[in-house]
Structures are given as structure tokens and as C-alpha cells.
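Fold and geometry: a report
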Amino acid sequence: MQRGWQLVWIGVLLLAPALILALAPPLPQSQVYHDFADQRILLGIPNLLNILSNLPFLLTGLAGLGLCLSRPPSTAPLSWLCFFIAFSLVALGSSYYHRAPADATLVWDRLPMTLAFMSVFSAILNDTVFPGCERHLLPPLLALGLSSVIWWRCSGDLRFYAWVQFAPLLCIAFLMKFHGFRELERGGIYAAFLAYVLAKICEALDSPIYDLTRQWVSGHSLKHLAAAASGGFLYSMLRRHRQRSQYGHRLAQDSRVDEI
């Protein structure tokens, strides 16, 4: 598919959901959302498993942060740095929310999630249809993510936040199908995408999974693990890319030495 048509389709995938949501009635935050299946008090801490299952976010985020600071990725370095910072903060925000689930605490869960998601979107756009445009892509995308959460908190309307969650996801799926990646690995993006989809499925099946496992683990705790795995796949992809770059650099140096 030619680049011009790809840009048209990306515009459609971003604008069509926005138009549909704009014509739809306001979408309030259901208070049933805060009623998680696993509310056990363990070691004196309410909702402990939903809190502990956020630990992989922190570990993956810190590992990725170290990777970005030691040797920044060759593609979209600022986007990946923002992603891993936000990914680390997801662990803190989500733990704070699950300690006392309510709209007021949910804000601190959603803010870093939107920043992480929009950072990845910026990195993928920079690697595909908008190479070299990171400094023009990242700030407005981060602003959109933050604004969607602030708008929901101030208005009680989730439509903007729903757009931020799903419209970029449609674009990423489109780019995986119809566009080649310059630096990133298609396999790593696919794995991260599928893990994120699995996380949303586990979130929707919170209570059934809790009952199926005989109240051992809930769907929401598994959602945290699957979402963290999504970031882990991206971290592994960037690490492999760095190792290949280092290997190529050493080969180039050895070749120059042989020529001398």
C-alpha cells in the first residue's frame, strides 16, 4: 500500500471513532467497575493480589529505563524513555488505586497508562509513516493522553478517554498489517499487541476467572500480568536491537582494522 493511502487510512482510523463517540451520549464511569472480584484482605492489606500484581510494571519499567539511559534506542529515543518512565509509574498509580478503589484514585492509575500508551504510539509512528518526526509527534500525543483523563475527571464523560484507548490501537494494528518497520521488529510489536488484547480480555472476565480458579486469582490480577508482559516484549525487542547494533558496530570496526 502506497504511503499516501496509508496516511488516509490512519486519518480515517483516528477520526471515525472520534466522530462516532462525539455523536454518542456521554459515557459515565460505572461505579461497578470498582467492585473487583478479588477483595481479600491478606497480611492486613485490602486487595493485596491486585496490588502485588503491579510489581512487574515496576521491574519492566526500571529495566527499560536503564536500557534507554545507557544506550538510547536508535529510533524514537525520547518516546521509549517516556514509555518506560510511565510504565514504572503505572505500578505506583495502580497500587494506589487498588488500595482504595474509587474515581478519585483511579485518576492516578489512568494518567501513567495513557502516557505509556501514547509514547508507544509515537514510537511506532516515528518508525513507520513519520520517520524523524518524533519531536513533533510525542508532545501532542502525550498532551492528548493527559487531557483525556483530566476531561473524564472534570466532566464525568469517558468518551475522550475511550478514544485514546482504542483509536491508536486500531492504527497500530493497521500498521502491523500494511506497513514494514524500519528499526523495530514486527514480531516484538505483535507479541506486545496480543498481550495487551489478552489483558483487556482478562479485565472483562474478572469474576468468571476468579470463580474458575476457585478464588485463587482474579481476571484483574491476570490483566496486570498480561499488560506488564506487553511492556516486557517491547523491552526485549529494544534490547535485541541494541545487541545487534553493537555487534554490527564491532564488525564495522574489525573490517576497518583489517583494511589498515
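Throughout what follows, the structure given in this document is the object of discussion. Predicted model, so just to flag it, every value in this text is computed and none were measured.

Considering the packing of aromatic side chains
Tallied over the entire structure, the rule returns 12 aromatic pairs. Consider the rings of tryptophan 80 and phenylalanine 83, whose centres lie 5.9 Å apart with planes at 90°: the pair is edge-to-face. Of the two residues, tryptophan 80 and phenylalanine 83 are both situated in helix 4 (residues 77-99); the distance of three residues between them amounts to about one turn of the helix. Overall, the relative accessible area of 0% leaves tryptophan 80 in the buried class. For the cation-ring pair, arginine 110 lies above tyrosine 33, with the distance from its terminal atom to the ring centre recorded as 5.6 Å. The ring of tryptophan 152 carries the charged tip of arginine 110 above its face, separated from the ring centre by 4.8 Å.

Quick word on the side chain of serine 53
Positionally, serine 53 belongs in the loop between helix 2 (48-52) and helix 3 (55-70). Of note is the side chain of serine 53, whose polar atom sits 2.9 Å from the backbone oxygen of leucine 49. Ignoring sequence-local partners within four residues, the contact set of serine 53 consists of Ser221, His224 and Leu225.

Points about the packing of helix 1 (residues 3-23) against helix 7 (residues 159-178)
For the pair helix 1 and helix 7, interaxial distance at closest approach is 9 Å and the crossing angle is 155°. By the angle between their directions, the pair helix 1 and helix 7 is classed as roughly antiparallel. Every pair of crossing elements has a handedness; the one defined by helix 1 and helix 7 is right-handed. Note on element contacts: helix 7 touches helix 1 through Arg159, Ala162, Trp163, Ala167, Pro168, Leu170, Cys171, Phe174, Leu175 and Phe178, opposite Gln6, Trp9, Ile10, Leu13, Leu14, Pro17, Ala18, Leu21 and Ala22. Broken down by class, the residue content of the contact of helix 1 with helix 7 amounts to 17 nonpolar, one polar and one charged.

Notes on the state of the cysteines
Scanning the entire structure with this criterion turns up zero disulfides. Free of any disulfide, cysteine 82 has its nearest cysteine sulfur in cysteine 68, 9.5 Å distant. Residue cysteine 82 is classed as partly exposed on the basis of its relative accessible area of 26%.

Points about the packing of helix 3 against helix 4
Close contact between helix 3 and helix 4 brings their axes to 7 Å; oriented N to C, the two are set at 155°. Considering their axes alone, helix 3 and helix 4 lie roughly antiparallel with respect to each other. Judged by the twist between their axes, the crossing of helix 3 over helix 4 is left-handed. Residue-level inspection shows Phe57, Leu58, Thr60, Gly61, Leu62, Gly64, Leu65, Cys68 and Leu69 of helix 3 in contact with helix 4, the latter providing Trp80, Leu81, Phe84, Ile85, Phe87, Ser88, Val90 and Ala91. Taken together, the residues that form the contact of helix 3 with helix 4 break down as 13 nonpolar, four polar and no charged.

A word on the nonpolar core
If you look at the biggest cluster of nonpolar residues, it comprises 47 residues, and the most contacted ones within it are Trp80, Phe83, Ile124, Leu184, Ile189 and Leu234. Counting only elements with at least two residues in this core, the list comes to helix 1, helix 3, helix 4, helix 5 (103-127), helix 6 (134-155), helix 7, helix 8 (186-204) and helix 10 (219-259). Looking at which element gives the most residues to this core, the answer is helix 7, with nine residues. Those residues in contact with tryptophan 80 that lie beyond four places of it in its chain are Cys68, Pro73, Thr75, Val120, Ala123, Leu184, Leu234, Met237 and Leu238. Residues Val107, Leu111, Val149 and Trp152 belong to the second largest nonpolar core, which totals nine residues.

Parameters at a glance
Residues numbered from 1 in each chain as written. Predicted model: local features only at pLDDT ≥ 70, side-chain atom pairs only at ≥ 80, totals over all residues. Heavy atoms only, no water. Phe/Tyr/Trp six-rings, centres within 6.5 Å; stacked < 30°, edge-to-face > 60°. Helix = DSSP H or I, 4+ residues; strand = E, 2+ residues; numbered from the N terminus. Buried < 20%, exposed > 50% of the residue type's maximum accessible area, 1.4 Å probe, protein only. Lys NZ or Arg CZ within 6 Å of the ring centre and 35° of its normal. Polar contact = N/O pair within 3.5 Å; in protein donor to acceptor, adjacent residues only side chain to side chain. Contact = heavy atoms within 4.5 Å. Axes fitted to C-alpha atoms, helices over the stretch in contact; angles between N-to-C directions. Parallel < 35°, antiparallel > 145°, perpendicular 65-115°, else oblique. Left-handed = near helix turned anticlockwise from the far one by under 90°. Nonpolar A, V, L, I, M, F, W, Y, C, P; charged D, E, K, R; others polar. Disulfide = S-S within 2.5 Å. Core = buried A, V, L, I, M, F, W, Y, C linked by side-chain atoms within 4.5 Å.

Distances and angles like these do not, on their own, reveal function.
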